[in-house]
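Remarks on the overall topology
Here is what each chain is made of, one letter per residue.
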Amino acid sequence: MATIIDLKPQPFSFVGPIVGAFGALAGLLVGTAQGSGLLGLVLGAILMAGMAFALMHLKLPRRSVRLGLVVIFAIIGLMVGGTIGGIISALAGWLFGNLTFWLADGRYRANLAPYLTPGQVLWHFTFRVICGVIFGFLITPIIVVMPLSFNAEDFFTFTPEMLALKPEGYSLKHYQDFFTNSDWQSALWNSLTIAPVATLLSVSFGTLAAIGLSQPHVPGRRAIMAILISPMIVPLIISAAGMYFFYSRIGLQGTYLGVVLAHAALGIPFVIITVTATLVGFDNSLTRAAANMGADPVTTFFRVQMPLILPGVISGGLFAFITSFDEVVVVLFVGSAGQKTLPWQMFIGLREQISPTILAVATLLVGISIALLATLEVLRRRSERLRGMSPG
Amino acid sequence: MKLLTTLLTGSALVAAGSAFANDHMASDMTLVSWGGAYQTSQQKAYTEPYMAANEGVSVTWDESSNEAVSKLRAMNEAGNVTWDLVDVEGPDSQRLCDEGLAMEIDFDDVLAQGDDGSDVEDDFGPTLINDCFIPQIVFSTTFGYRTDVEEWDGRTPTSLCDVFDLENFPGKRALEKRPKKNLEWALLCDGVAQEDLYDVLETPEGLEQSLAKLDTIKDETIWWSSGADTPQLLADGEIVIGSAYNGRLFSVIEEQSQPVAMLWDWQVFDFDGWVIPADLPDDRLARVLDFVKYATDTQRLADQAAYISYGPARASSQPLVSTHAELGIEMAPHMPTNPANQKNFLVNNIEWWADNQDDVEARFQAWLAK
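Scope of this entry: the structure provided in the associated data block. (Residues numbered from 1 in each chain as written. Chains lettered and ligands numbered in written order. Predicted model: local features only at pLDDT ≥ 70, side-chain atom pairs only at ≥ 80, totals over all residues.)

1. Quick word on the overall build of chain B
Helices and strands together make up the secondary structure of chain B, namely 14 helices and 10 strands. Burial status across chain B gives 44% buried among its 370 residues. Taking the contacts inside chain B whose residues are at least 6 apart along the sequence as the reference set, 73% of them involve residues at least 24 apart. (Helix = DSSP H or I, 4+ residues; strand = E, 2+ residues; numbered from the N terminus. Buried ≥ 20, exposed ≤ 12 C-beta atoms within 10 Å, placed from the backbone. Contact = placed C-beta atoms within 7 Å.)

2. So, the nonpolar core
Of all hydrophobic cores here, the largest spans 89 residues; its most connected members are Leu85, Val86, Leu96, Ala102, Cys132 and Val275 of chain B. A per-element tally of this core places strand S8 (residues 260–275) of chain B first, with eight residues. Per-domain counts for this core show at least three residues from each of domain 1 (22–138 + 272–333) and domain 2 (141–269 + 340–369) of chain B. Residues contacting Leu96 of chain B, with those up to four places away along its chain left out, are Val69, Leu72, Val88, Leu101, Ala102, Cys132 and Val275 of chain B. Of all hydrophobic cores here, the second largest spans 42 residues; its members include Trp184, Val334, Ile358 and Val361 of chain A. (Core = buried A, V, L, I, M, F, W, Y, C linked by C-beta atoms within 7 Å. Domains from an automatic or database assignment.)

3. Comments concerning unusual backbone geometry
All names here are of chain B. Located in the positive-phi region is Asp153, a residue other than glycine, with phi close to 50 degrees. Tracing the sequence through the fold places Asp153 in the loop between strand S4 (134–146) and strand S5 (173–176). Accessibility expressed as a C-beta count within 10 Å gives 7 for Asp153, which makes it exposed. Positive phi, close to 55 degrees, is recorded for Trp266, a residue that is not glycine. Along the polypeptide, Trp266 turns up in strand S8. Judged by C-beta crowding, with 24 C-beta atoms within 10 Å, Trp266 ranks as buried.

4. Observations regarding the packing of helix H7 (residues 182–213) of chain A against helix H13 (residues 297–326) of chain A
Residues and elements named next belong to chain A. With their axes 8 Å apart at the nearest point, H7 and H13 run at an angle of 140 degrees to one another. In this view, H7 runs oblique relative to H13, as classed from their interaxial angle. H13 is crossed by H7, and the crossing has right-handed handedness. Where H7 approaches H13, its residues Ser191, Ile194, Ala195, Ala198, Thr199, Ser202, Val203, Gly206 and Thr207 are matched on the opposing element by Val313, Gly316, Gly317, Ala320, Phe321, Ser324 and Phe325. Of the residues belonging to the contact of H7 with H13, the class tally is eight nonpolar, eight polar and no charged. (Axes fitted to C-alpha atoms, helices over the stretch in contact; angles between N-to-C directions. Parallel < 35°, antiparallel > 145°, perpendicular 65-115°, else oblique. Left-handed = near helix turned anticlockwise from the far one by under 90°. Nonpolar A, V, L, I, M, F, W, Y, C, P; charged D, E, K, R; others polar.)

5. Considerations on the pairing of strand S3 (residues 85–89) of chain B
Residues and elements named next belong to chain B. Counting buried positions over the five residues of S3 gives four, a clear majority of the element. Pairing of strand S1 (residues 28–32) with S3 involves two bridges; the strand directions are parallel. Across the sheet, the residue bridging to Leu31 is Leu85, located in S3. (Pairing = 2+ DSSP bridges.)

6. Quick word on the environment of Leu200 of chain A
With respect to the helices, strands and loops of the structure, Leu200 of chain A is situated in helix H7. Distance from Leu200 of chain A to Gly317 of chain A, taken between C-alpha atoms, is 7.6 Å for residues 117 residues apart in sequence.

What follows is the structure, encoded as structure tokens:
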């Protein structure tokens, strides 16, 4: 977007408090780590506001000032917190240098509509900061696990060698353990044989149920719907205990088939809900038109209805797959040791032996999930483009 | 022609019968244990050689010993016991035995004699705690401390009571989130003599005295519930001293080379062993009995000590304990049963705890929540 409004340089009375506020936040983090959050908060605010004042009034060349800040921050960080401290504070130096100039030049208004009031501009950026904080809150626990999985020791601990980024602090031995240990390999194999079959069952039954229940003439459809999605609402442990006693009586407890059926039952509600949602936008006159042209119901389903509700079916299937792949409570009851799945193995590992192999597995699973979702998204965009639904 | 067929089938059956002399025994077993290094030691010392000697037998491990009692109850109610042999601690075996969920054993018949010719009862001695329990190991709960605590100025804890001494040994402690052992230790450090321990503890005042002693370190204590917690906390430096199973501490000190040392003073001994679920079908029972006889003989119990620092339950196994399978270090000094390590010790008083567990546990948990 072209710049429509003139960018006015801003006074320190505007820049100072904002940079100071960010300084206070950074100071709070550093201060808490060093034992006194309050002191860090005050010092951070004063130091950063002071730095902003100096940068704005000393007319120094911009480029070298920015570089200088990064270097100075890095050196301070290096002395206080080692290699990792140096890297983090170099980033902080880069951030604060840019932030100050960005505010002082008034560049923050560059891409915004010219008629926005200062309050709206403030909200525009506050909103982004809030989103960023929430995002960080959600993702940090997952990110922290990843470097720990390369730990050279058998504990969930950042060793001094790791913090100093020395190669001897890192190792792939937990990955090696995962790929060579027969317990983990059989758990992986069990998960990979249970989840797809359970998904297939959930998708078939769930889609059929959703289509049936979307017909207005089915008697008692709300009641049937409620029963079908009950596995999602009833606490898992109740379903698990119930399934345990029921399956034991009919000889399914401790069998592969039993676990598959239990997981399918858990997956069906997800498929029903997503498919029902896509069916809301489905035009029933299309099936009547197909019938009018001589297509039998099966052909109509596969050639007309299925392609249109496919996105709902696929995302329902994905949920069903993840439910089965992640599930630990039901399999502990319904399965026996011969059907130990990955989550079961991880659960045992966490309880009996806090081993970073679990973190290695977690990292791999996160990687696989990302790859799976990315592939799905690429395929979806491709099909949209092919069908001319999107300009991209 | 028909006669010939019958004859042929008959002789084929005889041949098959002699080839599989064991076919009255099931060919797979589900063993329940604790996972981790302990289960690995059982695999190396018991099941791997057993499977090598008995071709066609397979073993499935289930790491469910923690909830063995409740799971066996559920299996029993559902009429579908899938376990063949369950590794439990002494007190759990007592409960399973009392409830009729574990099979009563005729020890002379089921277990092998000692290699030195001693009979079963003598060889296992005090570890035979009830009629269902087939002992494997003696383990102890004791303390590990970090050796690099600056605030201690070079002092090292030498007695149990140093755990309660925040002045000379400041820092966080870890204790198990259960009253057992903690209450005994607190009283011992509050001047109660070993022989009076349970008489004092049985009175309401004694219980309060013990909790009052624990109160002195409560603010500095992290309460653990899984055997892996204290090793992790010690390695992390989050605690400076904590109670744990001696085998776990051995692993932290010798196998993981962490700056941690053992404090054996007033370690509490416990026994761990097998129970056989009651009413197994004949073929599975025959297989399990065959395995148990093999896995608890003198040599197998001694072999296990090469993988983990728990003492074999048989007296005749003690002289055979040698070196660690990978590290090559002598295992005897790391055994809880080593004379140098057991100057002061307690043995888990299963009877007293069976009678008093519920009341004391309730009082302890209320105290914890305060």
